[in-house]
Structure formats: C-alpha cells, structure tokens
Amino acid sequence: SRSKVHAFVVTLLGGIMRWDIRRPEKRFADRFVLVAGHTAPLVYCTLPVLYEALRVKHRQTGDPRYAVPDAEHRALYWEDLIGFRRRGGLAGHAEMEGKTLFFKFNTGPSGHGSPAAAGEAMALKRAGAGEVKVYAFEGEGGLTAGASHETRNSAWGLGLDNLVYVVDWNDFGIDDHAVSSVVHGTPRDWFEPAGWRVSEARDGSDWAQVHAALFDCVHGDNPPGIPRMCFVKTRKGREYLKYDHQSHGSPHAQNCDLYWATKRPFAEKYGITFEGCDQAAPKDAAAFREQTLTNLRHVIEVLHRDQALVDYLADTLVRIGDSVPETMPAFRLQRKPGNPWRDPELTNFQGYPEGMWAKPGEKQPNRAALARWLSWANAWARRKYDRPLYLGMSADLAESTNLAGVAKDFGDWPGYGKYERNKNPEGVLLPQEITEFTNSGISAGIATVNLSTRPYEEWDGFGAACSTYGSFSYLKYGPMRLFSQLAQDTPLKVGNVLWIAGHSGPETADDSRTH
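Residues numbered from 1 in each chain as written. Predicted model: local features only at pLDDT ≥ 70, side-chain atom pairs only at ≥ 80, totals over all residues. Heavy atoms only, no water.

**Re helix α9 (residues 285-305)**
Moving on, step 1. Under the 1.5 Å per step criterion, the end-to-end length of α9 is 31 Å for 21 residues, consistent within 8% with the ideal 30 Å.
Moving on, step 2. Regarding α9, the residues found buried are Gln 291, Leu 293, Thr 294, Asn 295, Ile 300, Val 302 and Leu 303.
Moving on, step 3. The secondary structure elements touched by the buried residues of α9 are α2 (40-61), α8 (257-270) and α10 (307-322).
Moving on, step 4. At the N-terminal boundary of α9, the capping side chain belongs to Asp 284, with an oxygen 3.2 Å from the backbone nitrogen of Ala 286. (Helix = DSSP H or I, 4+ residues; strand = E, 2+ residues; numbered from the N terminus. Expected span 1.5 Å × (residues − 1). Buried < 20%, exposed > 50% of the residue type's maximum accessible area, 1.4 Å probe, protein only. Contact = heavy atoms within 4.5 Å. Polar contact = N/O pair within 3.5 Å; in protein donor to acceptor, adjacent residues only side chain to side chain.)

And the structure:
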C-alpha cells in the first residue's frame, strides 16, 4: 500500500480522475478498480482524510456543497478505521459496498480484478460513455496471473481506450525472490507488445515525476482505440522499515519498537505525542482500542490545525466532483424513453412471438432455444428502446454453443451483429478468443455498470452472457464468485450474467473423454 501512495493521491487530486467523493454512484464518474485488492489500506488511509476535510468545511460554512448525502452510511471517516477487519467493519480486501462504494468491484485474489475493469470499460464504451475512464491499480506480481495476460489482449481487441492501468513496479511479492528474477523485462515490455500506450515515472515516490507520467498517460497523445498504462518504479515497504518481500502482509507487532519508529517522523514533524509511545500495548482489549482511537484523533487533528490544507482539499474535491457530467451527447441508452429491464414484456413468456417456439415433435438442442431467446431479447429491445439488452462473448465457441444468437436478427427484426471496434462499434457479440476466465470477469464487470439516474432503486445497463464447454466451467468460477458476493452486499443495483455451459459429455463426440 505505501508504495502506491504517490500514484494514488495524484490520480485523485491531480486532474487525472474525474470522480465525486460525495456521490460515488454517479453514472458518468470515472471508476476505480483496485486490482491489487489486498492493498485496500491504501484507500482506507486516504479517503478518511479527504472526507474529514469536507466534514470540517461543512461544519465551518454550512455550505451544502461540502455535505456528503447519507454520510453516516456512505462517508468513510477516521473513526471507521477502528473496525478494520472486524465484523461489521472494513473488509480486509476491497469491497464495493457501504462506505467503500469508491471501489467499483470486489477484488483481492491476484489478477481477478483485471477482466472486471475491462468489462466496465466495455460497458461504458458500448453505451456511448467512452469518455468515462476506468482506472485499474495493480502491481507487477498480479500482472503475472493468466487473467492479466488475457485482459491485455482483450482490451486491445475491444478498443478500450477508456481503460487506464496504473502499475506499481516494486519487484517483490510474498516470497523472497525478486519478480525480475523469474519474469523478463519491464512493465513497458509487458504492455507495449499487446498494443498499449505506455507512460512511466522512474521514481514513483517523486510527486512531479508521477504527476507528469500520469498526466501524459491520460491527457497526452492517445490514439483512438488504444488502452493505456502508466507504471511507477517504487520500493516495496517505503518508510515502513521492513522492505521488499518482508513488508508484504506482515505488519509490525502491536506497539513494538519498529511500530513506534515508523510513527516518530510524523510525530516530530507535526509536534504531536502519541499515547503509549515506546510502551507495550495495553493487555486489555478495550484499553487498546481507546488508545488507538486517541492516536487516530491526534493524526486527524494535524489536518484540523491546517486551515489552508482543509480549504485546498475540500475545494478541490468539490471542484472535481462538480466536473462530473450529468449527461453525455453520445449516450446510447436513452435514445428512447423507458427502461427495458422493467418492461413486463421481457419476461412474459406467454406473450412471446410464435417464432420463439419449436414445433411439437421437432428435434432441437437446448442451445437452439438459448440462441433464439437472446436473438429475440436484443431485437425486441432494439425495436422498442433502440438499444440492446445483452453483450455476449464466448471462448472461440460463439457459434458452437449458439451464443452467437445474441447478435442475430429475429425474423424481420434486425439484431446488432458482431462487435468490431472500428467497423461495428454498436455490435453486441464481442470477439474473444480462448479466455474463459477473462470472459467471465468481463461479463461481471459489464453487469456492475449501472447507468440509471436512480442506481439505488433500479438497474439500467447491459446484461452479459458468456459461454464455453461445460467441462471448462471451472475456469469461470473466480470472477463469478466475486460478482455474487458484490451483488449480495452492494446497495447499488447490478445486472445479471448468463453463465452458459454449452456442451457436455457425449454431446462433444470425439472430444467427450477430455471435454
């Protein structure tokens, strides 16, 4: 977490990310996916300072611009840190719920957030909101996961120029070997051959270098249809007095000498005295909790004493938040009024057209019914609402599993055809290769992008469908598990994903033993 601080703060406050800390549900705000979800403390230690500046400024002025709606349940304050990894408190990894709706996907398992970030970028782009960006923060260890390789290829193939990776290159994970001892090259070598545009800061702890690199990445000469990545070179464990692999997931013991040594520079700089400094932790749990709260209060009081900093933070957050647009001229989901997901015709099977049904005695595989329904659903939505319902993708098996129906005409009603980033950007069948895991994650990401003006009350976005052979379904499990968790916990409405096992057993003929 510590090595990512400069890149994270610059992204939030340096004219990089367009977001609104007061209203994380805004549909046209940039999205943040912490692919390296185990570094959630990075966010937990930053957002409370920003929220506190707004709280102080609102108390001082009464100006509603500084207010956070439903702050009790949505604002992450310094007092909430006492519940870190406690039941009902802040989760150990990133979760899109409650006070942490800043996160736009549940992450933690290595690489799992990569395809979800690409899915969110795809949903936004297909909806005509391509100027909304998705920022994906990751480290070089997570980039070695297969999903990361698949996502790099997919993002280029789908033309996701609104996907921005920010990579903390510190060269260490949990084990004691350097990543560079087993993985050749640099982040530039990993992304440029996949067609990405790359920017870099050789010193990831230098504010000017980091800002210049990120500004170039986001606002520089970016060709259309090309995803981009910015990497910063850092030292794992920066100023933690445990470095490289030794700092990963291994905090200092409570109130040990090294723990207090990491606090001393801050205390000396700002003239504060931490309670219990250089002493052992209280044995009584309640006393230790109170000591921790007291010391957190000492830290936040440093902000309270600096009115210029309070003003800067509060005013900057309001200015950035107010810059998020309410509408977009190219937005494609409101060309006709109404929300097709709330239309009873969609699920009234008794009212489906006759062409939906096979004739009595006619032999048809189940997958033919899937193709026909998907074809009807998108053609019906196009005819009535001038938009599709579902985006589909398959592991090079779209026709074989009949998922290709998602793009086809239904009788005289035209479908949308295959998506092609240059020739048919309104297509709905995404051209994916043998990437079951990433297809699953892209689908889950698509289904989290709620473009309703009332996202707490209703869902309005794209559903997703992905298919492969039944025996390869296990490759889809990880992202689906995270999406299921997210859907149960987030107060924002999310869409649905169709997880399709297209063939199994004897249906695969010569492949049946292995497939």
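**Comments concerning unusual backbone geometry**
Moving on, step 1. One non-glycine residue, Asp 70, lies in positive phi territory at about 50 degrees.
Moving on, step 2. In this structure, Asp 70 sits in the loop between α2 and α3 (71-74).
Moving on, step 3. Judged by its relative accessible area of 43%, Asp 70 falls in the partly exposed class.
Moving on, step 4. One non-glycine residue with positive phi stands out, namely Asp 244, at about 55 degrees.
Moving on, step 5. Here Asp 244 lies in the loop between β5 (228-233) and α8.

**Observations regarding the packing of aromatic side chains**
Moving on, step 1. Tallied over the full model, the rule gives 27 aromatic pairs.
Moving on, step 2. Each ring, one from Phe 32 and one from Phe 137, has its centre 5.1 Å from the other, and the planes form 45 degrees; the classification is tilted. Separated by 105 residues along the polypeptide, Phe 32 in strand β1 (residues 31-34) and Phe 137 in strand β2 (residues 134-139) bring together distant segments of the chain. Grouping residues by exposure puts Phe 32 and Phe 137 together as buried.
Moving on, step 3. With centroids separated by 5.0 Å and ring planes inclined at 75 degrees, the aromatic side chains of Phe 191 and Trp 196 adopt a geometry described as edge-to-face.
Moving on, step 4. For Phe 191, a relative accessible area of 0% corresponds to the buried category.
Moving on, step 5. On the basis of relative accessibility, which here comes to 4%, the residue Trp 196 falls in the buried class.
Moving on, step 6. Put simply, the rings of Phe 8, Trp 19, Phe 32, Tyr 44, Phe 84, Phe 102, Phe 103 and Phe 137 touch in pairs and so form one group of aromatic residues.
Moving on, step 7. Looking at Arg 382, its charged tip hangs above the ring of Tyr 416, at a distance of 4.4 Å from the centre. (Phe/Tyr/Trp six-rings, centres within 6.5 Å; stacked < 30°, edge-to-face > 60°. Lys NZ or Arg CZ within 6 Å of the ring centre and 35° of its normal.)

**Points about the sheet that holds strand β9 (residues 497-501)**
Moving on, step 1. Here we have 4 strands laid out as an open sheet, ordered β7-β6-β8-β9, and parallel in their pairing. On the outer flanks of this sheet lie β7 (429-430) and β9, each paired with one strand and no other.
Moving on, step 2. The pairing of strand β6 (residues 390-394) with β7 spans 2 bridges and is parallel. In the strand pairing of β7, Gly 392 is matched with Leu 429. (Pairing = 2+ DSSP bridges.)

**Thoughts on the side chain of Asp 161**
Moving on, step 1. Along the chain, Asp 161 falls in the loop between α5 (146-157) and β3 (163-169).
Moving on, step 2. A polar contact of 2.9 Å, which involves the side chain of Asp 161, links it to the side chain of Lys 125.
Moving on, step 3. Dropping the residues within four chain positions of it, Asp 161 is found in contact with Lys 125, Pro 224, Gly 225, Ile 226, Pro 227 and Arg 228.

**Side note on the nonpolar core**
Soluble globular proteins tend to bury their nonpolar side chains together.
Moving on, step 1. Counting 81 residues, the largest nonpolar core has Leu 163, Tyr 165 and Phe 191 as the members making the most contacts within it.
Moving on, step 2. Listed in part, the 53 residues of the second largest apolar core include Leu 50, Val 56, Tyr 77 and Val 166. (Core = buried A, V, L, I, M, F, W, Y, C linked by side-chain atoms within 4.5 Å.)

**Concerning the pattern of salt bridges**
Moving on, step 1. Summed over all chains, the structure comprises 29 salt bridges.
Moving on, step 2. The salt bridge involving Arg 22 is made with Asp 20; its shortest N-O contact spans 2.9 Å. For the pair Arg 22 and Asp 20, a shared accessibility class is recorded, and that class is buried.
Moving on, step 3. Note that Arg 264 and Asp 278 form a salt bridge whose closest N and O atoms lie 2.7 Å from each other. Taken together, the residues span a long stretch of sequence, with Arg 264 in helix α8 and Asp 278 in the loop between α8 and α9 at a distance of 14 residues.
Moving on, step 4. For Arg 264, a relative accessible area of 31% corresponds to the partly exposed category. (Salt bridge = Lys/Arg side-chain N within 4 Å of Asp/Glu carboxyl O.)

**Here's the deal with the sheet that holds β2**
Moving on, step 1. Here we have 5 strands laid out as an open sheet, ordered β1-β2-β3-β5-β4, and parallel in their pairing. Each of the sheet's edge strands pairs with one partner strand only, and the pair in question is β1 and β4 (197-201). Adjacent strand axes in the sheet meet at a mean angle of 20 degrees when their direction is disregarded.
Moving on, step 2. By the bridge criterion, 5 bridges tie β4 to β5 in an arrangement that is parallel. By the bridge assignment, Val 198 is partnered in β5 with Met 229.
Moving on, step 3. Seen against the sheet, helix α7 (residues 207-219) touches β2, β3, β4 and β5 and runs at an angle of roughly 170 degrees to β4. (Axes fitted to C-alpha atoms, helices over the stretch in contact; angles between N-to-C directions.)

**Some details on the state of the cysteines**
Moving on, step 1. Here the structure, examined in full by the defined rule, presents 0 disulfides.
Moving on, step 2. Just so you know, Cys 256 is unpaired, no disulfide at all, and the nearest cysteine sulfur is the one on Cys 277, 12 Å from it. (Disulfide = S-S within 2.5 Å.)

**A short note on α7**
Moving on, step 1. Taking 1.5 Å of rise per residue, the 13 residues of α7 would be expected to cover 18 Å, and the 17 Å separating its terminal C-alpha atoms lies within 8% of that figure.
Moving on, step 2. Where the residues of α7 are buried, they touch α1 (5-13), β2, β3, β4 and β5.
Moving on, step 3. One side-chain oxygen of the residue at the start of α7 lies 3.2 Å from the amide nitrogen of Ala 208, identifying that residue as Asp 206.

**Let's talk about the packing of helix α4 (residues 113-126) against α5**
Moving on, step 1. Two elements in contact, α4 and α5, have axes separated by 8 Å at closest approach and are oriented at 25 degrees. By the criterion of interaxial angle, the relationship of α4 to α5 is roughly parallel. For the pair formed by α4 and α5, the contact residues are Ser 114, Pro 115 and Ala 118 on the first element and Ala 147, Ser 148 and Thr 151 on the second.
Moving on, step 2. Residues of the contact of α4 with α5, tallied by class, amount to 3 nonpolar, 3 polar and no charged. (Parallel < 35°, antiparallel > 145°, perpendicular 65-115°, else oblique. Nonpolar A, V, L, I, M, F, W, Y, C, P; charged D, E, K, R; others polar.)

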